[in-house]
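Inside the fold
Listed below are the residues making up each chain.
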Amino acid sequence: MIPLPTLSPILIALAISLAANGLLGWAYLGQRDDTAVAKTALRDMEGQRDGIRQAASACSDSVDDLRELADKRARDAAPARAAAASTAQGHNQRADQILAAPAPVPGDVCASAQARVDDWLKSRNKPIRTESGAN
């Protein structure tokens, strides 16, 4: 048999220290890689967040612009809507008068309707005076 060399306590401590340092170095490198990946992911997420904030801000600005445009159009259309309502009121009054009037040809609904249409067509041929005096 070959005699085994005797290991001194210093050699054993040195071997244990070398193994522990190797494990610690390996753990450090793994942690460093994980930290680098996490930092990269964080930068990506921050970029996405900033992009989303910019898009949301642009969207909000566009909505504000649309609101201002809608308000302007509503103000611009108010006179036309008022004129249309006034015209509609006149038409409604005329329709009420026609419907309230007795039938022009009693007992004949078709002849009455034809007479009413003829009267209506005659009134449409008359010039209508507007506020500006134009037809």
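Overview of the structure. (Residues numbered from 1 in each chain as written. Predicted model: local features only at pLDDT ≥ 70, side-chain atom pairs only at ≥ 80, totals over all residues. Heavy atoms only, no water.)

So, the side chain of S112
Among the secondary structure elements, S112 is positioned in helix α2 (residues 109–124). The exposure class of S112 is buried, given its relative accessible area of 5%. Ignoring sequence-local partners within four residues, the contact set of S112 consists of A103, P104 and V105. (Helix = DSSP H or I, 4+ residues; strand = E, 2+ residues; numbered from the N terminus. Buried < 20%, exposed > 50% of the residue type's maximum accessible area, 1.4 Å probe, protein only. Contact = heavy atoms within 4.5 Å.)

Points about a negative patch on the surface
A cluster of like negative charges, contributed by D61, D64, D65, E68 and D71, occupies part of the molecular surface. Tracing the backbone shows D64 in helix α1 (residues 9–100). (Patch = residues over 30% accessible without salt bridge, like charges linked within 9 Å, V, L, I, M, F, W, Y side chains within 5 Å. Areas by Shrake-Rupley, 256 points an atom, 1.4 Å probe, with all protein chains shown as cover. Salt bridge = Lys/Arg side-chain N within 4 Å of Asp/Glu carboxyl O. Lys, Arg positive; Asp, Glu negative; His and termini not counted. Charge placed at Lys NZ, Arg CZ, Asp CG, Glu CD.)

Here's the deal with the pattern of salt bridges
Tallied over the entire structure, the rule returns 3 salt bridges. Where D33 meets R32, a salt bridge forms, and the shortest distance between an N and an O atom there is 3.6 Å. A relative accessible area of 41% places D33 in the partly exposed class. Between D50 and R49 there is a salt bridge; the shortest N-O distance is 3.1 Å.

Digging into a nonpolar patch on the surface
A cluster of nonpolar residues, L7, L11, I12, L14 and I16, forms a patch on the protein surface that exposes about 510 Å² of accessible area. Along the chain, L11 turns up in helix α1.

Here's the deal with the environment of P102
Structurally, P102 is set in the loop between α1 and α2. Separated by 10 residues in sequence, P102 and S112 have C-alpha atoms that sit 9.3 Å apart.

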